[in-house]
Amino acid sequence: MKSVRVKAPCSTANLGPGFDVFGLALDAFYDEIQLIKKGDGIIIESSDPIPLEPGKNSAGLVVKEMAKKFRIKDGLCLKIKKNVPAGFGMGSSASSAAAAAVAFNALYNLNLDSNLLVQFAGMGERASAGSVHYDNVAASVLGGFVIVRTNPFSVIKVEPPKDLVLCIAIPKIEVPQKKTKVSRSVLPKEVKLSDHVKNLSNAAAITAGFIKKDVELIGHSISDIIVEPARKHLIPGFDKVKTNALKAGALGVTISGAGPSVISFASTSTDSSKICKAMEKGFASAKIKSTTIVCKPSKGAFVF
Ligand code: HSE
């Protein structure tokens, strides 16, 4: 095989209390990657505004690391089509990184298990976040709801309930270049034990909700008193967006990943367009325009 093409979905990380641990793959946008054996060294081609230097691109970094690890000396060309909006908390860099790891695995018939694939994909996050975290990449690679354990490293995947619907509001604001790094820099270094207990109980309830396929339990447990309060000042109108969405029937609302998009968890029996309008109005109250998208969980990266 000389070339392989892979699509990998966007994702939402944290789901409120599961900071750096929970991820959910979403069928809203997919990045596309073609990995071709040709030329010398590793080159990236793309007509999208992304870094083309392999060491500065999340997909390029993954290919570089995997080539090193498996002693592959072939010249490789990585064609990238970005569809996931970059810098808005929808796992854009992770989606390209996940597609790259899955493509490399397929091109060289490596048969890597899912934990290794996620670990390689996670190396790409260094390019944008400055640190390695696996919640978005795990969701993009495996699909569904994922729980990332780091010590020992393992990813647990749970199939989401069929009646789970997500409404995402993406504000039209300028985001800093290294947005994830910036939004991680505002987080507390230490947390109060009682706050940790509240977040942990909600995180456990979210996990139970996915296992029991109980959308209400998931939605009502999307509650985070540690990371959300520390980050919400970076999102103009956040409180209003959240209150409006809850009033319109959302079961739970939080920041999508590192933001600034806001995500509502709802059921297929709720009027999702009403939730979207309510979220847009919330942003409008802070004089911010936004676009909204209704989506469902995705099955993860695939060769096409
Ligand atoms: N868990 C990460 C964060 C996700 O919230 O910083 C960033 O995409």
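A quick note: this is a predicted structure, and the numbers were derived from the prediction, not measured. (Residues numbered from 1 in each chain as written. Predicted model: local features only at pLDDT ≥ 70, side-chain atom pairs only at ≥ 80, totals over all residues. Heavy atoms only, no water.)

Asks: Go over the pattern of salt bridges, please, and point to the residues and values.
Replies: Across all of its chains, the model carries nine salt bridges by this definition. Across the pair Lys-56 and Glu-53 runs a salt bridge whose closest N-O atoms are separated by 3.8 Å. Taking relative accessible area as the criterion, Glu-53 reaches 46% and is therefore assigned partly exposed. (Salt bridge = Lys/Arg side-chain N within 4 Å of Asp/Glu carboxyl O. Buried < 20%, exposed > 50% of the residue type's maximum accessible area, 1.4 Å probe, protein only.)

Asks: Describe in detail the layout of surface pockets, supporting the description with residues and values.
Replies: Taken as a whole, the second largest pocket encloses approximately 180 Å³ of empty space. Lining of the second largest pocket is provided by Gly-144, Glu-159, Pro-160, Pro-161, Lys-162, Lys-296, Pro-297, Ser-298 and Lys-299. (1 Å grid on protein atoms, 1.4 Å probe; cavity = no way out; pocket = protein on both sides within 12 Å on 5 of 7 lines; lining within 4 Å. Points joined across faces, edges and corners; volume = space filled by probe spheres on them.)

Asks: Describe the side chain of Ser-95, with residues and values.
Replies: Locating Ser-95 in the fold gives a position in helix α2 (residues 92-107). Within the structure, the side chain of Ser-95 is placed 3.1 Å from the backbone oxygen of Ala-8, a separation counted as a polar contact. Apart from the residues within four sequence positions on either side, Ser-95 is in contact with Ala-8, Pro-9, Cys-10, Asp-31, Val-84 and Ser-140. (Helix = DSSP H or I, 4+ residues; strand = E, 2+ residues; numbered from the N terminus. Polar contact = N/O pair within 3.5 Å; in protein donor to acceptor, adjacent residues only side chain to side chain. Contact = heavy atoms within 4.5 Å.)

Asks: Give me the packing of aromatic side chains: which residues, what numbers.
Replies: For the structure shown, the criterion picks out seven aromatic pairs. Ring geometry for Phe-104 against Tyr-108: centres 4.9 Å apart, planes inclined by 40°, an arrangement best described as tilted. The exposure class of Tyr-108 is buried, given its relative accessible area of 15%. One aromatic cluster is present, built from ring pairs that chain together Phe-22, Phe-145 and Phe-210. The ring of Phe-304 carries the charged tip of Lys-7 above its face, separated from the ring centre by 4.9 Å. (Phe/Tyr/Trp six-rings, centres within 6.5 Å; stacked < 30°, edge-to-face > 60°. Lys NZ or Arg CZ within 6 Å of the ring centre and 35° of its normal.)

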